[in-house]
Amino acid sequence: MAALHENQTQAEAAPDLDYDAIVIGAGISGMYQLYRLRELGLRVLVLEAGTNVGGTWYWNRYPGARFDSESYSYAYSFSKELLEEWDWTEHFAPQPETLRYLNHVADKFDLRRDIKFRSRVTAAHYQDGARSWDITLEDGTRLRSRFLITAMGILSAPVMPRTEGVDTFAGQSYHTARWPHEPVSFEGKRVAVIGTGATGVQTIQEVAKTAGHLTVFQRTPNWCTPLHNAKIGTDEMKQIRARYSEIFKRCSETFACFIHTADPRGTFEVTPEEREAFFEALYASPGFGIWQGNFKDILTNREANALISDFVARKIRQRVKDPAVAEKLIPKDHGFGTRRVPMETHYYEVYNQPNVRLIDIKETPIERITPKGIKTSDTEYEFDIIIYATGFDAITGAFNRIDIRGENGLRLKDAWAGGPRTYLGVMAEGFPNMLMVVGPHTALGNMPRSIEYNVEFVTGVIRHAWDHRLTRVAATPEGVDTWTDHVKALGQGLLSNEIDSWMTGVNRNLDGRDTRIIARYSGSSPAYRARCDAVAAEGYRELALA
Ligand SMILES: Cc1cc2nc3c(=O)[nH]c(=O)nc-3n(C[C@H](O)[C@H](O)[C@H](O)COP(=O)(O)OP(=O)(O)OC[C@H]3O[C@@H](n4cnc5c(N)ncnc54)[C@H](O)[C@@H]3O)c2cc1C
């Protein structure tokens, strides 16, 4: 990508604007967006609420936090030099290693000089006349920029349970996504974990190793399958490095950018024996294979889904000694893979430990948090530490926490009241010059692969505007209608869209979030990219440019 003529930025940018582009968020998306926009010669600033880079891997320091994506499939692919010099030590790296990696990236490309930390954006208002964005930070600072790029993450707005008394607890309490930077000891302590999603599972299996006593409060059990993590030795890393181009090529061809992809066979095209052997092999293999690399119809065909669900249920019954506890851990309200599958390491065996108990809060709901612990409908439990693994206001949460107003004062919250409406997941109608990296309705999957693509696309739009001296880039109503309808149509027939989860926008800890929406694009990543590539090849004619 050619850098622009040295003086062009000054010539094209309105001198009264502070920046040509402001990016919100310094995670994987924001860091890469900064790198690319700098290449264009733009005056860019990244605003980040945290004190350093890393996003997800900066905030989620809870015990046991790690990848479910293979480390080497998750890394940035844009720099050969970076790939050459970074060694992953585990197939599924733990959070501290990923954070070290992202700090290494920031150092290598000198990113921090254009990132303002401790800078939470509270408002962003489009100015029709100036064709620019006025951005307000929590401390009252105001900044003006031609373009606003959101890189705020799909899982970055933590949610606490809707329970009274949270502030009254006298012991230590933590939300997993706001974990302290100092180590927390569980040695000999009475610990509670509320929540059994992907984060809860990782936390529980780690805390159970040292806690004096652990109580898990579960509302919805999830279908968890083994991660089978392993160390990567020097020789294996050499072999992985030699295969990088093959790995990234594979990720670019699979449905969701993972190295795993669905088996071309249908569940009922094989004999019961072959099916069982295939399920066993997947259960014994590392990572998301059992979810992403299973028979092609397990997420669309109810009978197929029932078979894999039954297989995993049998595994849970084999691994958990107390049959009553095993039954509590087996999901009854959704099939395998229709919610995000937590990957586990001896998670089910934790419930065989004498110092661990499981409380089903559908049977005995939590009434309140008390100074001593947690009061359910039948008992008050006493704790030294309460861990809230209650997840996020996913996908649209970070948007909802900012007062974003577009043309004629239109609030994004109102525009998306019935669910997000976007053009390619990158723009929203009525919000000119605002571009989203992995916004709602983009392809997600193995995130850095989707992020790199999204950043390239956003950069392409801005480069086009810059080259053609355009100061207003907007999605058209037809473009938004067509894409939103397309995304909705793709969701038809998917079992995952028939159940409540963060992927369908349902969150019982938030007001007004009990109705399902289509929050994410559920087509294939290659199809998504092909559509976006065609838009770019045709000179972004589908956008309103001025
Ligand atoms: C525990 C956990 C494990 C995960 N594991 C995987 C995995 O194995 N594979 C995978 O593909 N994905 C995984 N993900 C998803 C993960 O979020 C993405 O992989 C990726 O890190 C997203 O990067 P991002 O830069 O888009 O967003 P984030 O990393 O979320 O970064 C967004 C940044 O924006 C900042 N921000 C948000 N709002 C504001 C505001 N108003 N003002 C200023 N700053 C703001 C936040 O502070 C944050 O630093 C995981 C997520 C979690 C939470």
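Structure shown above.
Residues numbered from 1 in each chain as written. Predicted model: local features only at pLDDT ≥ 70, side-chain atom pairs only at ≥ 80, totals over all residues. Heavy atoms only, no water.

## Things to note about the site of the ligand
Put simply, the rule is: We call a residue near a molecule or strand whenever a single non-hydrogen atom of that residue lies within 4 Å of it. A 3.5 Å cut-off defines polar contacts: any pair of N or O atoms within that distance qualifies, except that in protein one atom must be a possible hydrogen donor and the other a possible acceptor, and neighbouring residues in sequence count only when both atoms are side-chain atoms. Note on areas: these come from Shrake-Rupley sampling with a 1.4 Å probe, and a residue is covered only by the protein chains present in the view. Helix and strand definitions here come from DSSP, where helices need a minimum of 4 consecutive H or I residues and strands a minimum of 2 consecutive E residues; each element is numbered from the N-terminal end.
As a structural note, the neighbourhood of the ligand is formed by 34 residues, with Ser29, Glu48, Thr56, Ser69 and Tyr74 the closest of them. One nitrogen or oxygen atom from the main chain of Thr56 is found 2.7 Å from an oxygen atom belonging to the ligand. Contact between the ligand and Val121: a nitrogen atom at 2.9 Å from a main-chain N or O atom of the residue. With the chains in place, 95% of the 980 Å² that the ligand exposes on its own is no longer accessible. Elements that contribute at least two residues to the shell around the ligand include exactly helix 2 (28-39), helix 3 (56-59) and helix 17 (447-467).

## Digging into the sheet that holds strand 13 (residues 366-369)
The condition is simple: Only when DSSP finds a minimum of two bridges between them are two strands counted as paired. The axes used here are C-alpha line fits, helices contributing only the stretch in contact, and every angle between their N-to-C directions lies in the interval 0 to 180 degrees.
If you walk across this open sheet you meet the three strands as 13-14-15, and the pairing is antiparallel. For this open sheet the edge positions go to strand 13 and strand 15 (380-382), each flanked by a neighbour on one side alone. Along the sheet, successive strands turn relative to each other by an average axial angle of 20°, direction set aside. Direction of pairing for strand 13 relative to strand 14 (residues 373-376): antiparallel, over a ladder of three bridges. Bridging from a neighbouring strand, Ile366 pairs with Thr376 of strand 14.

## A closer look at helix 12 (residues 302-319)
Test applied: Expected span, for any helix, means 1.5 Å times one less than how many residues it has. Residue burial is assigned from relative accessible area. The probe radius is 1.4 Å, only protein chains are included, and a residue is buried under 20% of its type maximum, exposed over 50%, and partly exposed in between. Two residues form a contact once any of their heavy atoms are found within 4.5 Å.
Helix length check: helix 12 (18 residues) gives 26 Å between terminal C-alpha atoms against 26 Å at 1.5 Å per residue, within 8%. Among the residues making up helix 12, those that are buried are Ala304, Asn305, Ile308, Ser309, Phe311, Val312, Ala313, Lys315, Ile316 and Arg319. Tucked into the core, helix 12 has its buried residues touching strand 10 (225-226), helix 10 (272-283), helix 11 (289-292), helix 13 (323-329), strand 11 (343-344) and helix 14 (347-350). Where helix 12 begins, one side-chain oxygen reaches toward the backbone nitrogen of Glu303, 2.8 Å away; that side chain belongs to Asn301.

## Overview of the packing of helix 2 against helix 17
Rules: For any helix crossing, the convention is left-handed if the near helix is rotated counterclockwise from the far helix by under a right angle, and right-handed if that rotation is clockwise. Note on residue classes: Ala, Val, Leu, Ile, Met, Phe, Trp, Tyr, Cys and Pro are nonpolar, Asp, Glu, Lys and Arg are charged, and everything else, Gly too, is polar.
Relative to each other, helix 2 and helix 17 sit at 35°, their axes nearing to 9 Å. As for how helix 2 packs across helix 17, the hand of that crossing is right-handed. Contacts between helix 2 and helix 17 pair Ile28, Ser29, Tyr32, Gln33, Arg36 and Leu37 from the former with Pro448, Ile451, Glu452, Val455, Glu456, Val458, Thr459 and Ile462 from the latter. Each residue belonging to the contact of helix 2 with helix 17 can be placed in one class, and the counts come to eight nonpolar, three polar and three charged.

## Observations regarding the sheet that holds strand 7 (residues 172-175)
Overall, parallel pairing links the five strands, which are arranged 7-16-8-9-12 in an open sheet. Whereas interior strands pair on both sides, the edge strands pair on one side only; in this sheet they are strand 7 and strand 12 (356-360). Recorded for the sheet is a direction-independent mean angle of 15° between the axes of neighbouring strands. As paired strands, strand 7 and strand 16 (residues 385-388) are joined by four bridges and run parallel to one another. Bridge pairing in strand 16 links Tyr174 to Ile387.

## As for the packing of aromatic side chains
Our working rule: Working definition: rings of Phe, Tyr and Trp (its six-membered ring) pair if their centres are within 6.5 Å, and the pair is stacked with planes under 30 degrees apart, edge-to-face with planes over 60 apart, and tilted otherwise. Our definition puts a charge over a ring when NZ of Lys or CZ of Arg is within 6 Å of the ring centre and also within 35 degrees of the ring normal.
For the structure on display, the rule yields 38 aromatic pairs. Geometrically, the ring pair formed by Tyr174 and Trp179 is tilted, given 4.9 Å between the ring centres and 45° between the ring planes. There is no split in this pair, since Tyr174 and Trp179 are both buried. These aromatic residues form a ring-pair network of at least three members: Tyr32, Tyr35, Trp57, Phe67, Tyr74, Tyr76, Phe78, Trp86, Trp88, Tyr101 and Phe109. One cation-aromatic arrangement involves Lys108 over Phe109; the distance from NZ or CZ to the ring centre is 5.8 Å. Taking the ring centre of Phe278 as reference, the NZ or CZ of Arg265 above it sits at 5.0 Å.

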